[in-house]
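Next come the chains, spelled out residue by residue.
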Amino acid sequence: MFDLGLAELLVIGIVALIVIGPKDLPMVFRQVGRFVGKAKGMAREFSSAMNQAADESGVRDLQQTIRSATNPVGSAMDGVKEAARDVTSSLSDLDPNSETGKMAAEKAKQTAERQAMSKKIEAATARSQAEAKAREAAEALKTAERLEAESAAQSPKESG
């Protein structure tokens, strides 16, 4: 609404402290807070009343019609999604002994197999990544031990 940042609020607070005084400042801020709360409540109530009036007058339907006219591809995709949803819901009502019912069951079985295979691939990938990290950690540990040993071997030579 007013788009006040932290710096602006700080300046307003300092000016209010100087002008109003530290004694009355909490009371003034409390009153300002109540006023802002009432204003927000009124704005929320007005907005909900306008939305309700728009619903009653059919503006939303008109808005959807305009949106579908300006974006025919999106509207067509919405129609396709709705039709697919209708088809999927009607597939569950099929007779399992009919040809379509058998095809739907086979399709569901294939989908389940694909999902299981996908899970196996994910698990194998995670395992190989974990093993690679373990190898890297072992190599880093060996390198650290070698460097520590070299450092320890050079330390007595330098002190002697």
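Look above for the structure.
The structure reproduced in this document is the subject of the present report. Just so you know, these numbers come straight off a predicted model, no measurement behind them.

Our focus in this paragraph is the overall build of the chain. Across its full length, the chain carries five helices and zero strands. Taking all 160 residues of the chain together, 3% fall into the buried category. Accessible surface for the chain amounts to roughly 14100 Å². Of this, 61% is attributable to carbon and sulfur atoms.

Each pair of packed helices gets described by two things: the angle between the helix axes and the distance between those axes. Look at helix H1 (residues 6–20) against helix H2 (residues 25–57): their axes get within 10 Å of each other, and the N-to-C directions meet at 125 degrees. Classified by the angle their axes make, H1 and H2 are oblique. Of the two possible hands of crossing, H1 and H2 adopt the one that is right-handed. Residues Gly-13, Ala-16, Leu-17 and Ile-20 of H1 touch H2, and the partners they reach there are Leu-25, Val-28 and Phe-29.

A rise of 1.5 Å per residue sets the reference length of H2, with its 33 residues, at 48 Å; its end C-alpha atoms lie 48 Å apart and thus fit the reference within 8%. Looking one or two residues past H2, Gly-58 carries a phi angle of roughly 85 degrees, positive in sign.

Scoring rules and cut-offs
Residues numbered from 1 in each chain as written. Predicted model: local features only at pLDDT ≥ 70, side-chain atom pairs only at ≥ 80, totals over all residues. Heavy atoms only, no water. Helix = DSSP H or I, 4+ residues; strand = E, 2+ residues; numbered from the N terminus. Buried < 20%, exposed > 50% of the residue type's maximum accessible area, 1.4 Å probe, protein only. Areas by Shrake-Rupley, 256 points an atom, 1.4 Å probe, with all protein chains shown as cover. Axes fitted to C-alpha atoms, helices over the stretch in contact; angles between N-to-C directions. Parallel < 35°, antiparallel > 145°, perpendicular 65-115°, else oblique. Left-handed = near helix turned anticlockwise from the far one by under 90°. Contact = heavy atoms within 4.5 Å. Expected span 1.5 Å × (residues − 1).

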